[in-house]
Amino acid sequence: DQQVKQNSPSLSVQEGRISILNCDYTNSMFDYFLWYKKYPAEGPTFLISISSIKDKNEDGRFTVFLNKSAKHLSLHIVPSQPGDSAVYFCAASAPNSGYALNFGKGTSLLVTP
Amino acid sequence: DSGVTQTPKHLITATGQRVTLRCSPRSGDLSVYWYQQSLDQGLQFLIQYYNGEERAKGNILERFSAQQFPDLHSELNLSSLELGDSALYFCASSHKTSGADEQYFGPGTRLTVT
């Protein structure tokens, strides 16, 4: 069963605008959440993470928001750049499984000039 | 460059065969995780080792096994290969001895079973 869901397979945004990628989870034991960026034929690259004790974490152009009651998190990229075009994976982990990552199926982001 | 290395980059083999994939974690990282990425299942956790010992198991088939050696490199062994085992196999490493931590991924090994 898919415990982490990214319901939008793709997203297209204009350069300079905000990109918002969404992620939902079902397992209440998850307490650490991460976003990864992936290019074809490469491994996922870590972007940003958030612990369940926080509701926001910011790193440069990237901000992750966590809404625990809704079991929802989102990644905001502002401003979006063409180099941000990639597949973005949401992942979640729990202490009772060694913090192994449970991944969503990814959202393909295209930033157009 | 994440600092995690994986060899080989590509592997083509026949059904029924056995292969070994190798991973070297980032310097200082004690944890190694193995993941499989297939078209229909996405990225799925297989198994984790910490400082030579198995720590967590995911959706790993009985035909698959792994180990972590004293120098902390890890190997994933896949045997009695089937067509459905064709996938990208990633290893990742992390630093913390306990608690949550980001994982850094290698470039992956693409396995094709014919």
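Predicted model only: the values in this text are computed from it and were never measured.

Participant: So what about the overall build of chain B? Which residues, and what values?
Facilitator: Across its full length, chain B holds zero helices and eleven strands. Ordered by position from N to C terminus, the α and β elements of chain B give β-β-β-β-β-β-β-β-β-β-β. The C-alpha atoms of chain B give a radius of gyration of 13 Å, which matches the 13 Å a tight globule of 114 residues would have. Dimensions of chain B along its principal axes, counting C-alpha atoms only, are 40 × 30 × 25 Å. For chain B, buried positions account for 51% of its 114 residues. For chain B, the exposed area adds up to about 5500 Å²; of that, 46% sits on carbon and sulfur atoms. Put simply, chain B has 9 plus and 12 minus side-chain charges, and the middle of one group is 2 Å from the middle of the other.

Participant: Describe the packing of aromatic side chains, listing the residues and the values that go with them.
Facilitator: Going through the model one piece at a time under the given rule, you end up with 15 aromatic pairs over all chains. Here the aromatic rings of Y36(A) and F103(A) are separated by 5.9 Å at their centres, their planes lie at 55°, and the arrangement is tilted. With Y36(A) in strand 4 (residues 32–38) and F103(A) in strand 10 (residues 102–103), this residue pair connects regions lying 67 residues apart in the sequence. Judged by its relative accessible area of 0%, Y36(A) falls in the buried class. Accessibility expressed as a relative area gives 5% for F103(A), which makes it buried. Here the aromatic rings of F64(B) and Y89(B) are separated by 6.5 Å at their centres, their planes lie at 70°, and the arrangement is edge-to-face. Of the two residues, F64(B) is situated in strand 7 (residues 64–68) and Y89(B) in strand 9 (residues 87–94); the sequence distance between them amounts to 25 residues. Of the two residues, F64(B) and Y89(B), both sit in the buried class. Within the aromatic cluster, the residues linked to one another by ring pairs are Y36(A), F46(A), F89(A), F103(A), Y33(B), Y35(B), F45(B), F90(B), Y104(B) and F105(B).

Participant: Tell me what's going on with the pairing of strand 7 (residues 62–67) of chain A, and back it up with residues and numbers.
Facilitator: Residues and elements named next belong to chain A. As judged from the four bridges shared by strand 6 (residues 56–59) and strand 7, these two strands associate in the antiparallel manner. Across the sheet, the residue bridging to E58 is T63, located in strand 7. For strand 7 and strand 8 (residues 72–77), the ladder comprises six bridges, and the chain directions are antiparallel. Across the sheet, residue F62 finds its bridge partner in strand 8, namely I77. Between the end of strand 7 and the start of strand 8, which pair antiparallel, lie four residues, with K71 showing a positive phi angle near 55°.

Participant: Describe in detail the sheet that holds strand 7 of chain B, supporting the description with residues and values.
Facilitator: The strands that make up a sheet are held in pairs by hydrogen bonds between backbone atoms, and each pair lies either parallel or antiparallel. Residue and element names in this part refer to chain B. Reading across from one edge, 1-3-8-7 is the order of the four strands in this open sheet, with antiparallel pairing throughout. If you trace the sheet from one side to the other, it starts and ends with strand 1 (5–7) and strand 7, each paired once. When strand polarity is set aside, the average angle formed by the axes of neighbouring strands in this sheet is 15°.

Participant: Report on the interface of chain A and chain B, specifying residues and quantitative values.
Facilitator: A common way to state how big an interface is: give the accessible area lost once the parts meet. Across the boundary between the two partners, chain A contributes 18 residues, which contact 20 residues of chain B. At the junction of chain A with chain B, the criterion picks out zero salt bridges. On inspection of chain A and its partner chain B, the count reaches five residue pairs in polar contact (both at pLDDT 80 or more). Those elements that provide at least two residues to the side of chain A that touches chain B are strand 4 and strand 5 (45–51) of chain A. If one sorts the elements of the side of chain A that touches chain B by residue count, strand 4 of chain A sits on top with four residues. Tallied by class, the residues present in the side of chain A that touches chain B amount to eleven nonpolar, four polar and three charged.

Participant: Pulling in residues and values, what's your account of the state of the cysteines?
Facilitator: All names here are of chain B. Scanning all chains against the criterion turns up two disulfides over all chains. Residue pairing for C23: its cysteine sulfur links by disulfide to C91, the two sulfurs lying 1.8 Å apart. Between C23 and C91 the disulfide shows an S-S torsion of about 60°. By sign, it is right-handed. Pair noted here: C23 is in strand 3 (residues 19–24) and C91 is in strand 9, with a separation of 68 residues, a long-range link. Overall, the relative accessible area of 0% leaves C23 in the buried class. Classification of C91 as buried rests on a relative accessible area of 0%.

Conventions and cut-offs
Residues numbered from 1 in each chain as written. Chains lettered and ligands numbered in written order. Predicted model: local features only at pLDDT ≥ 70, side-chain atom pairs only at ≥ 80, totals over all residues. Heavy atoms only, no water. Helix = DSSP H or I, 4+ residues; strand = E, 2+ residues; numbered from the N terminus. Rg over C-alpha atoms; globule rule 2.2 N^0.38 Å. Buried < 20%, exposed > 50% of the residue type's maximum accessible area, 1.4 Å probe, protein only. Areas by Shrake-Rupley, 256 points an atom, 1.4 Å probe, with all protein chains shown as cover. Lys, Arg positive; Asp, Glu negative; His and termini not counted. Charge placed at Lys NZ, Arg CZ, Asp CG, Glu CD. Phe/Tyr/Trp six-rings, centres within 6.5 Å; stacked < 30°, edge-to-face > 60°. Pairing = 2+ DSSP bridges. Axes fitted to C-alpha atoms, helices over the stretch in contact; angles between N-to-C directions. Contact = heavy atoms within 4.5 Å. Salt bridge = Lys/Arg side-chain N within 4 Å of Asp/Glu carboxyl O. Polar contact = N/O pair within 3.5 Å; in protein donor to acceptor, adjacent residues only side chain to side chain. Nonpolar A, V, L, I, M, F, W, Y, C, P; charged D, E, K, R; others polar. Disulfide = S-S within 2.5 Å.

Nothing here speaks to function; it is all geometry.
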